[in-house]
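# Reading the structure
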Amino acid sequence: MDEVLASVAETIKNFAVIYLVDITEVPDFNTMYELYDPSTVMFFFRNKHIMIDLGTGNNNKINWAMKDKQEFIDIVETVYRGARKGCGLGEIGVLAEVEGWKRKFLKLKRYRPFGHPFHKQTVFLDKGSAKQASSLIFIHSLPVLGSQMILTHGPVRPSPFSLTRLARLTRHLSISNNNPFSISVSRYGSSRSPSQFTPILSVASQQSISSVQKGDKISLEQPEIIFMGTGTSEGIPRVSCLTDPLKKCAVCSKAVEPGNKNRRLNTSILIRFPKPSGICNILIDAGKFFYQSALRWFPTYGIRTIDAVVITHSHADAIGGLDDLRDWTNNVQPRIPIYVAERDFEVMKKTHYYLVDTSVVTPGAAVSELQFDIIHEKPFIVHDLKFTPLPVWHGRNYRSLGFRFGNVCYISDVSEIPDETYPLLRDCEILIMDALRPDRSSSTHFGLPKALEEVRKIKPKRTLFTGMMHLMDHEKVNEGLLKLMETEGLDVQLSYDGLRVPINL
């Protein structure tokens, strides 16, 4: 990958710039995008992370070494054209994070924006001369493109600024959401001393910087869904697998590794979309592992409020986390509306009786302040967003609901789709559907073969499977699903916890 990047830098310099980053110096960014692989390439355009779909199931980045120079150039050109169409003119940056630099890769440094003809101003963040400064900010405008880029650079002595600290300082520069934003740090090989290397630049997205503890508002240009969880009721890894002395579970063993996509909590998604009053966050299901999911993804993505919860059914993996909503209603917002079917509300009266009837709560005790709104199998509105229920069977005689919002259809728990539901699935762009195991269905869930049958019948543009058990190895199953694109033109992949997908509402 080093060789490819070095060889294409001159070719693509008119529309793309390559930077390098030491991820140990930008922990916020590292955590947000799960940069654990030896080599990672990401794309940014005008302060916005550009998602790409190369059929691997990972839309955030390229995390393998590409050997074909022209293939990489074609990808960069495609990303640039698509970004320009959606974001207007500007520069697109390519972020490379690699372990163990090759010396010849350092020739990329001549393409860093130092010496850029449009440099206008230099601002020192630290006292002292340029040689002694820990970090510098370079502001240069591109008159032809009418944009600005913020760049930073500096040796590691005495100490580099972290991404968050730099962001805190640069916020005062009144950076427009339409302008690119770049953070640079130094990258040094583990076997060499820092003095042997020249600092190299990196690029990062301003949206990766969140200080929700201070109440700062985070911008969101396009609606998106975030997969809060993609697993079964028990989650993955399973304790029984990790403690089995006789048999090793390959998937659960992988799931304990940091950043592994086989680690899955209860199935749930968060719908995020901008409104004049701010970002709206609508959660579908709050299962028994919801709080663990929120601990991981809310700080990572700068999420603070929950504007509503929509319930699919009344099993523990969908409603077991309602009690944990007290953290929000006690500390963030006065209440949370819960949209639930009558039959499931009746279950809640037993399982969460103290949340339904708060008069039984001991005075002084703080529980979740929830507002229950009964829904029926007809469209309803939540914060100006239309939801159309998609009735399905989740086992014999057990009704569950999927939901359609915009052109996204979400069906998390299903064993059979009734005939009357299929018309509601027409012209679906993104289908998110239950696929429990790779070999067969169970009495309550689609297996992968049945789920694929339904995909062929519904014919969405793209499908993401969810609700996977520990028999579903993310990488291996996705490799098999990739072949369906070649043979049948089916765009099908497994989702994973923390996956962000842009949508249209």
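The structure this text deals with has already been given above.
Before going into details, it helps to say that this report is about the structure given with it.

Basis of the calculations
- Residues numbered from 1 in each chain as written.
- Predicted model: local features only at pLDDT ≥ 70, side-chain atom pairs only at ≥ 80, totals over all residues.
- Heavy atoms only, no water.
- Helix = DSSP H or I, 4+ residues; strand = E, 2+ residues; numbered from the N terminus.
- Contact = heavy atoms within 4.5 Å.
- Axes fitted to C-alpha atoms, helices over the stretch in contact; angles between N-to-C directions.
- Parallel < 35°, antiparallel > 145°, perpendicular 65-115°, else oblique.
- Left-handed = near helix turned anticlockwise from the far one by under 90°.
- Phe/Tyr/Trp six-rings, centres within 6.5 Å; stacked < 30°, edge-to-face > 60°.
- Buried < 20%, exposed > 50% of the residue type's maximum accessible area, 1.4 Å probe, protein only.
- Lys NZ or Arg CZ within 6 Å of the ring centre and 35° of its normal.
- Polar contact = N/O pair within 3.5 Å; in protein donor to acceptor, adjacent residues only side chain to side chain.

### Describing the side chain of threonine 230
- Topologically, threonine 230 is positioned in the loop between strand E8 (224-229) and helix H5 (239-242).
- Residues contacting threonine 230, with those up to four places away along its chain left out, are Arg264, Leu265, Asn266, Thr267, Thr466, Gly467, Met468, Ser495, Tyr496 and Asp497.

### Quick look at the packing of helix H12 (residues 448-458) against helix H13 (residues 474-487)
- Two elements in contact, H12 and H13, have axes whose closest approach is 14 Å; the angle formed by their N-to-C orientations is 30°. With respect to H13, the element H12 is oriented roughly parallel. Considering the relative orientation of H12 and H13, their crossing is right-handed. For the pair H12 and H13, the contacting residues are Leu448, Leu452 and Arg456 in the first and Val477, Leu481 and Leu484 in the second.

### Overview of the packing of aromatic side chains
- Taken as a whole, this structure holds 12 aromatic pairs when the rule is applied.
- Aromatic side chains phenylalanine 298 and tryptophan 328 sit 5.6 Å apart centroid to centroid with 70° between the ring planes, which places their arrangement in the edge-to-face category. Taken together, the residues phenylalanine 298 in helix H7 (residues 290-301) and tryptophan 328 in helix H9 (residues 326-331) connect sequence positions 30 residues apart. Of the two residues, phenylalanine 298 and tryptophan 328, neither departs from the other in class, the shared state being buried.
- Both rings, one in phenylalanine 380 and one in phenylalanine 387, keep their centres 5.6 Å apart while their planes meet at 10°; by these two values the pair is stacked. This pair shows no difference in class: phenylalanine 380 is buried, exactly as phenylalanine 387 is.
- By way of ring pairs, the aromatic residues Tyr339, Phe380, Phe387, Phe403 and Phe405 are connected into one cluster.
- For the cation-ring pair, lysine 288 lies above phenylalanine 289, with the distance from its terminal atom to the ring centre recorded as 6.0 Å.

### Points about the side chain of glutamine 333
- Looking at the element boundaries, glutamine 333 is found in the loop between H9 and strand E12 (336-341).
- There is a polar contact of 2.5 Å between the side chain of glutamine 333 and the backbone oxygen of isoleucine 306.
- Not counting residues up to four positions away in its chain, the partners in contact with glutamine 333 are Thr305, Ile306 and Trp328.

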